Every structure is written in C-alpha cells, then in structure tokens.
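Survey of secondary and tertiary structure
As a plain string of letters, each chain reads:
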Amino acid sequence: MIDDRTPVIIGVGEASERPADPDYRAMSPVDLATTAAAAAVGAAAVDVIAAVRQFEISTPWSHAPLGRAENFPRAVAARLGQAPRRAILEVTGGQAPQRLVTEMAGEIAAGRADTALVCGAEAISTVARLARAGDRPDFTDRTRGQIEDRGYGLDGLAPPQLAAHGLLDPPGQYALFEHARRARLGLSHADYAVTMGALFAPFSRVAAGHPHAAARTVRTAAELITETPSNRMIADPYPRCLVSRDKVNQGAAVLLASVAAARRLRIPPDRWVYLHGHADLRERDVLDRPDLSAYPAAVAAVRHALDLAGIGLDGLATIDLYSCFPIAVFAVCDGLGLPADDPRGLTVTGGLPFFGGPGNDYALHAIVETVRRARRAPGTFGLVGANGGFLSKYSVGVYSTAPAPWRADDSAAIQARLDAVPAVPVCESRPGPMTVETYTRKPGQDAVVIARTEDGRRFVTSTPEEGDLLVAHSRDSPRPPAA
Ligand SMILES: CC(=O)SCCNC(=O)CCNC(=O)[C@H](O)C(C)(C)COP(=O)(O)OP(=O)(O)OC[C@H]1O[C@@H](n2cnc3c(N)ncnc32)[C@H](O)[C@@H]1OP(=O)(O)O
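Residues numbered from 1 in each chain as written. Predicted model: local features only at pLDDT ≥ 70, side-chain atom pairs only at ≥ 80, totals over all residues. Heavy atoms only, no water.

This part is about the overall build of the chain. For the chain, the count of helices and strands is 14 helices and 15 strands. In terms of overall dimensions, the chain is globule-like: its C-alpha atoms have a radius of gyration of 22 Å, near the 23 Å expected for 483 residues. The dimensions of the chain, computed from C-alpha atoms along their principal axes, are 70 × 55 × 40 Å. A burial count over the chain gives 59% of its 483 residues as buried. Sequence separation of at least 24 residues holds for 77% of the intrachain contacts in the chain that already meet a minimum separation of 6. (Helix = DSSP H or I, 4+ residues; strand = E, 2+ residues; numbered from the N terminus. Rg over C-alpha atoms; globule rule 2.2 N^0.38 Å. Buried < 20%, exposed > 50% of the residue type's maximum accessible area, 1.4 Å probe, protein only. Contact = heavy atoms within 4.5 Å.)

The following block contains the structure:
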C-alpha cells in the first residue's frame, strides 16, 4: 500500500502561440503560464506555487520592454482564482523546472503541502516583435503578496577573464566547450560539424510533430550545419540552427499532489506519475574545470537519479537531455556511454533549437511531455536532464506511473566528491609558449582563445588570427596566438 504522503504528478499543461497563428493574441508570460496552469490544476486547490524566473528578470542587466509582473507566481495564482499559502520564484537557470519539481515533491512527502504547482512561461518572441510598436501591450501586473524570491543565483557564472573578452553569452561560452570536445576527439572542423548535424537533425523531426514547438520544419543534418543567410554563424562552430531558439512564446505547468489529495480529487491512479529518481548537482566554475568538454556533475546526476530509481539506462523508454547546444547533449552522452544516435532518441519535445528555448523554462515542457508519454505506456520510465548556466547546474528526474515510495536523494555527498577535484590554476598575465585548448570566433570579432601554458596553467586571450586555431596551435606547434 502506497503511503498517503507520497508525491505524484496529477496534472500537466502547456500553452504557446506564434506570430503567424490565426488566433495570435500577444499573450504575456502571465497569460501563457495561466493557460498552461489552468489545464494542469483542474479543480484542485493549490497550497504552494513555485515559478520559473523569466529571462527578463534573470540578471541585473535584463530588462522587460513591455513591463513585467511584480510578483509572477502570485499573478498567475490570482488569474487562476487561487490563494496559495506560499509563492516561490526560483533562481535563474535551465535546471530550475526539474529542481522545483523535485523540491515540491519533497515538500509534499514531508507533509508541508498537499498540492504544489510548478509553472513558467516566456513571451520573448512577442516582446521582441512589439517592443517598439506604437500600440504595444503593457504586461505590467501589480499583484502583491508573500513571495520567496530566491534571487538570480549567478555566483561564479561570469568569470572576469571571459568578461574581459566580452564572452559572457551562452552561444560564445558553449562554443568554447564544443571546440574543446572537438580537440579531444581530434576531428577537423568539417568532420565535427557533421556530428553536430547528425545529433540535431532527429531533434527537428520530433519538433515537427509537437503541437507546441516553435519551429516545425524537418531539417537534414546538412541543412543544420550549412551557413546561409538564414542560418548565419552565431559563434563558431554554431550557425543559428544549432543554437537554442529564444524567439518563442511558451508556457508549461505541472501539478503535484500527495496520494491522499489525488484520491480526494478523484484523479484515477493510472494518471499518477511518480518521481522515482532525482538529483541536483553543480559543476566547477568554467575556468576551474580540468576538461572543458566534459560535464561530470551532469553525468553523476543522471547516474544517481537512475540508481535511486533502481534502473539503468537500458530501463528508460524515453530520454530528454537538455539541448541548448550540441555539447550539452554530447557531454552527458560521452560520460554515460550513451550513443548520440540512440534509437530511443534524446528528446521528447524537439529540443531547444527547434521546440524552442523558453528562457529557463524548457525543461518544464520536457517534464510535461515525459509525463504524457509515461501515462500512455504505463510502467515505463522516462528521464529528464535539465541544464543551467554554462554546463553549470544539472537536475534530473526519472518518471513512471509504476508506484514507488518517495526517497530523498544523496546529492550533497556526491557534490562534495565533485568539489574535491583540484581546480586548474589560471594565470592572469601572458606566460610564454601555450597550447590552444579551445577557442571561438563571432562574426567580425577577434577569436577568444583558452590556452594552457607548458606547466598546465590556463590563460584567456584573443587574437585576430583566422583559420583553425586548434590545428595552428596544437601541442605539435605550440606557437602562441598573437594577442
Ligand atoms: C542553459 C541554457 O539554456 S543556455 C541558452 C540560453 N539561450 C540563449 O542564449 C538564446 C540564444 N539564442 C539567441 O540569442 C537567438 O535565438 C539567436 C541570436 C541565435 C537567433 O535569434 P534571431 O537573430 O532573432 O533569429 P532570426 O531572426 O534569424 O530567426 C528567428 C526565428 O524565430 C522566428 N521569430 C519568432 N518570433 C520572432 C520575433 N518576434 N522576432 C524575430 N524572429 C522571430 C523567426 O521567424 C525565425 O524563424 P525561422 O527559423 O522559421 O526563420
């Protein structure tokens, strides 16, 4: 008999609109989240509402040209006619949806809530489209009330050495990780591009079949990696089609409840989806990492969540690995020994370049779709891996309709082991001969280079030099780039 306090997901919802839709109505993030949440909540009363932070409030320098909600979770709750006891606004990062679902499940298991709604939304496409329009909508919402605002949570995410070269944006930093992987594999620029295209072409096929996807065009691998005016270079090696797509209007919501509340609400047990495994881990700061192409914290998080669920990778029916850029998927696959062309596929939505990358909220859509698929195939397992920052934070959930007791995870002990790995020493001044570890180049700008000295210290520099810097400055020809 399953304990009454066991947390289960009992409702999911999604909302989206595209400017070309006949019924497009320029919905705000609050509108989108409310529409998604209404579908998830049904007749339940919500004890706790936990919201994913929009990009427009995710950094001190973000702004909201159409105005914003002063208290996003309570604005959504008010529109739903709900008065939850507690409202939470989570820190920045794509790990947030899975982290919140896990946290809310723990709150329910501990008896501190009977129901909890996790929701989020972005209207980045609409804001970009209407920011300067004469008749632009006003998204300001002044709903007040208690809120637990957890702040940005950006500590360690802006290394001054990269800031000095203007490289704090996600495409630029992930491009560094991608070329580091290319260097590790010893592949030419062209051969590596083929692997990125092959990884993401199947993602575009999945997006083409998803009703809430932003881009529903099936793309070949060659199309994804061929530079054209519409597939322009963003940061070498990424043309636009390999980059998380931010011009989307999407919202998602997940309602969790105790088994007792689910019974009271007369939700049939075959609709209950249990969180069998979970983990939340943090990677070293970028320049401290021994291997810029690896993501050991994510790999450990997937392993721990599977251990808790009592299954291996083979036991999964569905997998959704966060896919803002190819390296976010490759680094997890490499560490797990999971083939990038695994026949189950590595996304259930189409991934961030095709389904869409709604700010910090993508993984909530992945959880919603995983729950739907788990319900369609009772007793099977689905995994969601949610990435935040610059391969910085990874949260994992394993879902199934198969009943399971709530189990706390042991992320803290694993985190201590990850943190014990010595950091790579960084030198601030130019040290003599260096080997290029990785680089990226944005159109019209100098290449930003991360290199190692002969004694293993790391150094960030930039150079106007053209060509493949990995080849020009490999260990066999350690000529430093001209800064
Ligand atoms: C942990 C993490 O998640 S890290 C990732 C965080 N996310 C990011 O950093 C976002 C990175 N992405 C971006 O900045 C952008 O998507 C870019 C720069 C790559 C491309 O953006 P843009 O220059 O606006 O792209 P572009 O105008 O070429 O195309 C946008 C597409 O969106 C569509 N679109 C939808 N709404 C809009 C809009 N309001 N304005 C412009 N395009 C829009 C366009 O029609 C086009 O569609 P298509 O692919 O069918 O042609």
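There is more to say, and it comes next.
Now for the nonpolar core. Ranked by size, the top nonpolar core spans 99 residues in total, and within it Ile9, Val101 and Leu321 carry the most contacts. It is helix 10 (residues 296–309) that provides the largest number of residues to this core, a total of 9 residues. Composition of this core by domain shows at least three residues from each of domain 1 (7–156 + 246–419) and domain 2 (426–483). Once residues within four sequence positions are removed from consideration, Leu321 is found in contact with Val329, Val332, Cys333, Leu338, Leu346, Leu383, Gly385 and Tyr394. (Core = buried A, V, L, I, M, F, W, Y, C linked by side-chain atoms within 4.5 Å. Domains from an automatic or database assignment.)

This part is about the environment of Met434. Structurally, Met434 can be placed in strand 13 (residues 434–441). Note: C-alpha distance between Met434 and Ser474 (40 residues apart in sequence) is 9.0 Å.

In the neighbourhood of the ligand, 21 residues make up the surrounding shell, with Ser125, Arg232, Ser244, Lys247 and Tyr322 lying closest. Arg232 is positioned with one of its side-chain polar atoms (N or O) 2.7 Å from an oxygen atom of the ligand. Residue Asp246 places a side-chain N or O atom 3.0 Å away from an oxygen atom belonging to the ligand. Broken down by secondary-structure element, the contributors of at least two residues to the shell around the ligand are helix 4 (124–130) and helix 6 (170–185). Residue classes in the shell around the ligand are distributed as 11 nonpolar, 4 polar and 6 charged. (Near = heavy atom within 4 Å. Polar contact = N/O pair within 3.5 Å; in protein donor to acceptor, adjacent residues only side chain to side chain. Nonpolar A, V, L, I, M, F, W, Y, C, P; charged D, E, K, R; others polar.)

Time to look at the sheet that holds strand 10 (residues 316–321). With mixed pairing, 10 strands are arranged side by side in an open sheet as 5-3-2-4-8-1-9-12-11-10. On the outer flanks of this sheet lie strand 5 (148–149) and strand 10, each paired with one strand and no other. As paired elements, strand 3 (residues 86–89) and strand 5 share 2 bridges and run parallel to each other. Each residue of the ladder has a partner; that of Leu89, found in strand 5, is Asp149. Running at roughly 120 degrees to strand 1 (residues 7–16), helix 12 (residues 362–376) makes contact with strand 1, strand 4 (115–123), strand 8 (249–258), strand 9 (273–282), strand 10, strand 11 (381–388) and strand 12 (393–400) of the sheet. (Pairing = 2+ DSSP bridges. Axes fitted to C-alpha atoms, helices over the stretch in contact; angles between N-to-C directions.)

Here strand 15 (residues 458–463) lies mainly inside the structure; 6 of its 6 residues are buried. Burial along strand 15 is two-sided: Arg458, Val460 and Ser462 and Phe459, Thr461 and Thr463, pointing in opposite directions, are all buried. Both strand 14 (residues 447–453) and strand 15 contribute to a ladder of 6 bridges, which runs antiparallel. Note on strand 15: the bridge partner recorded for Val448 is Ser462.

Another aspect to go through is the packing of aromatic side chains. Considering all chains together, one arrives at 10 aromatic pairs under this definition. With 5.6 Å between their ring centres and 80 degrees between their planes, Tyr174 and Phe177 make a pair best called edge-to-face. With Tyr174 and Phe177 both in helix 6, this residue pair falls 3 residues apart, about one helical turn. This pair shows no difference in class: Tyr174 is buried, exactly as Phe177 is. Pairing Phe355 with Tyr362 gives two aromatic rings, centres 6.0 Å apart and planes at 75 degrees, and the pair type is edge-to-face. Aromatic rings pair up to connect Tyr174, Phe177, Tyr238, Phe325 and Phe390 into one cluster. One Lys or Arg, Arg181, reaches over the ring of Phe330 and ends 3.9 Å from the middle of that ring. (Phe/Tyr/Trp six-rings, centres within 6.5 Å; stacked < 30°, edge-to-face > 60°. Lys NZ or Arg CZ within 6 Å of the ring centre and 35° of its normal.)

Pairing between the strands of a sheet is mediated by backbone hydrogen bonds and can be parallel or antiparallel. Reading across from one edge, 13-14-15 is the order of the 3 strands in this open sheet, with antiparallel pairing throughout. Each edge of the open sheet is held by one strand with a lone partner, namely strand 13 and strand 15. Averaged over all neighbouring strand pairs, the angle between strand axes comes to 25 degrees, with direction disregarded. In the sheet, strand 13 pairs with strand 14 via 7 bridges, with the strands oriented antiparallel. Bridge pairing links Arg441 to Ala447 in strand 14. Helix-sheet contacts for helix 6 involve strand 13 and strand 14, and the interaxial angle to strand 13 is about 135 degrees.

Functional significance is not addressed by these values, which are geometric in nature.
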